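Observations on chain architecture
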Amino acid sequence: MKTLVVMNEKGGVGKTNIVAHAAWYFAERYRTLVIDLDQQANLSYTLQAYACPVESVQLFGEPTAVRPRDGEGATLTRSTRALMEVERAPESVVGMFRDSIRANDDAYDICVIDTPPALGMRTFAGLLAADAVLAPIGVNDYSLAGITELMRAIKGVATHYKRDEPNFLGLLPSLFDRKSKRERELFEQLAGQLGKVLFPGIVAKRDAYAKAGSEGIPVWRMKGQAGREAAEEIRAIFSHIETSMELTHG
């Protein structure tokens, strides 16, 4: 099983939309486990049709195997407010979470982890278990402030636990308003400054994504041109990730 962590310590960057569509995309091709570590539980709400009896907090208590759901689609471990207790727990919970991920190696092909908008125990646990990391960012004046800390966290966890760094897939511009001259200018600056770590794609600001999230379906199941355009955009992103992670069926 390969593990993809989606992280950014800043909220409001469209992370839930990206993780939900990752779950829908990969579930069409692979045995897919989705773990919601964000106490806001937006992902758990969007993917509630795929929830299993295991809550995400249980993965920090003891090595926990998550039985795949019957039927089609992904298997989701739900977020609860109890996840906040992980931030006050001993550091050993970080290793316990990794052991839980490893306990699911044979049951799934890919695990997608949604982390909270903070660099705490849950995010460090995700990074320890990660094979690859994707970081959605907003295209605005304030979105870049946390990038240095984010990159430092990825390196720091690898160094502390004496493991290889996960594959950093890049900074993925999200909620990008193509119609905004200001955002287009900022994006050009972003590409000039961070070209080497910028993901080769964007997630535009589209009503189709909000509608898809509220209906609990991917944009490619929506009717109309807006859904088709969004589908082409976001499926290309996950196709690139699929190749980069060298995913194979179990």
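Quick note: structure is the one above.
Residues numbered from 1 in each chain as written. Predicted model: local features only at pLDDT ≥ 70, side-chain atom pairs only at ≥ 80, totals over all residues. Heavy atoms only, no water.

**So, the side chain of serine 56**
- Checked against the element boundaries, serine 56 lands in the loop between β3 (51-55) and β4 (75-78).
- On the basis of relative accessible area, serine 56 is assigned to the buried category, the value being 0%.
- There is a polar contact of 2.9 Å between the side chain of serine 56 and the backbone oxygen of aspartate 36.
- Every residue in contact with serine 56, bar those within four places of it in the chain, is listed here: Ile35, Asp36, Leu37, Thr77, Arg78, Ser79 and Leu83. (Helix = DSSP H or I, 4+ residues; strand = E, 2+ residues; numbered from the N terminus. Buried < 20%, exposed > 50% of the residue type's maximum accessible area, 1.4 Å probe, protein only. Polar contact = N/O pair within 3.5 Å; in protein donor to acceptor, adjacent residues only side chain to side chain. Contact = heavy atoms within 4.5 Å.)

**Some points on the environment of asparagine 167**
- Note that asparagine 167 resides in strand β7 (residues 167-176).
- With 164 residues separating them along the chain, asparagine 167 and threonine 3 place their C-alpha atoms 10 Å apart.
- With near-sequence residues (within four places) excluded, asparagine 167 lies in contact with Asp131, Ala132, Val133 and Ser244.

**So, helix α7 (residues 207-215)**
- What α7 keeps buried is the set Ala208, Tyr209 and Ala212. Taken end-on, α7 shows its buried residues confined to a sector of 100°, consistent with a single buried face. α7 presents Asp207, Ala210 and Ser214 as exposed residues on the side facing more than 90 degrees away from its buried surface.
- In the core, the buried residues of α7 are packed alongside α1 (15-27), β8 (203-204) and α8 (225-244).
- At the exit of α7 stands glycine 216, carrying a positive phi of roughly 70°. (Arc of directions from axis to C-beta.)

**A word on the side chain of threonine 75**
- Note on placement: threonine 75 falls in strand β4.
- The exposure class assigned to threonine 75 is buried, which follows from its relative accessible area of 2%.
- Sequence-distant contacts of threonine 75, defined by excluding residues within four places in its chain, comprise Thr32, Leu33, Val34, Tyr50, Cys52, Val66, Arg67, Pro68, Arg69 and Tyr108.

**Quick look at the sheet that holds strand β1 (residues 2-6)**
- Here we have 8 strands laid out as an open sheet, ordered β3-β4-β2-β5-β1-β6-β7-β8, and parallel in their pairing. In this open sheet, the two edge strands, each paired with only one partner strand, are β3 and β8.
- Of the strand pairs in this sheet, β3 and β4 are connected by 2 bridges, and their pairing is parallel. Each residue of the ladder has a partner; that of alanine 51, found in β4, is leucine 76.
- Here helix α5 (residues 147-160) sits on the sheet and contacts β6 (132-138) and β7; the angle it forms with β7, its principal contact strand, is near 155°. (Pairing = 2+ DSSP bridges. Axes fitted to C-alpha atoms, helices over the stretch in contact; angles between N-to-C directions.)

**Things to note about the packing of helix α3 (residues 92-102) against helix α4 (residues 121-129)**
- Put simply, α3 and α4 touch, their axes get as near as 8 Å, and they point 45° apart. One way to sum up the angle between α3 and α4 is to call them oblique. For the element pair α3 and α4, the recorded crossing hand is right-handed. Between α3 and α4, the residues in contact are Val94, Gly95, Phe97, Arg98, Ile101 and Arg102 and Met121, Phe124, Ala125, Gly126, Leu128 and Ala129, respectively.
- Residues belonging to the contact of α3 with α4 are distributed by class as follows: 8 nonpolar, 2 polar and 2 charged. (Parallel < 35°, antiparallel > 145°, perpendicular 65-115°, else oblique. Left-handed = near helix turned anticlockwise from the far one by under 90°. Nonpolar A, V, L, I, M, F, W, Y, C, P; charged D, E, K, R; others polar.)

**So, the layout of surface pockets**
- Estimates place the volume of the largest pocket at around 280 Å³.
- In this structure, the largest pocket is lined by 13 residues; those nearest its centre are Gly14, Asn17, Leu175, Tyr209 and Ala210.
- Ranked by residue count, the leading element in the lining of the largest pocket is α7, at 4 residues.
- By residue class, the composition of the lining of the largest pocket is 5 nonpolar, 5 polar and 3 charged. (1 Å grid on protein atoms, 1.4 Å probe; cavity = no way out; pocket = protein on both sides within 12 Å on 5 of 7 lines; lining within 4 Å. Points joined across faces, edges and corners; volume = space filled by probe spheres on them.)

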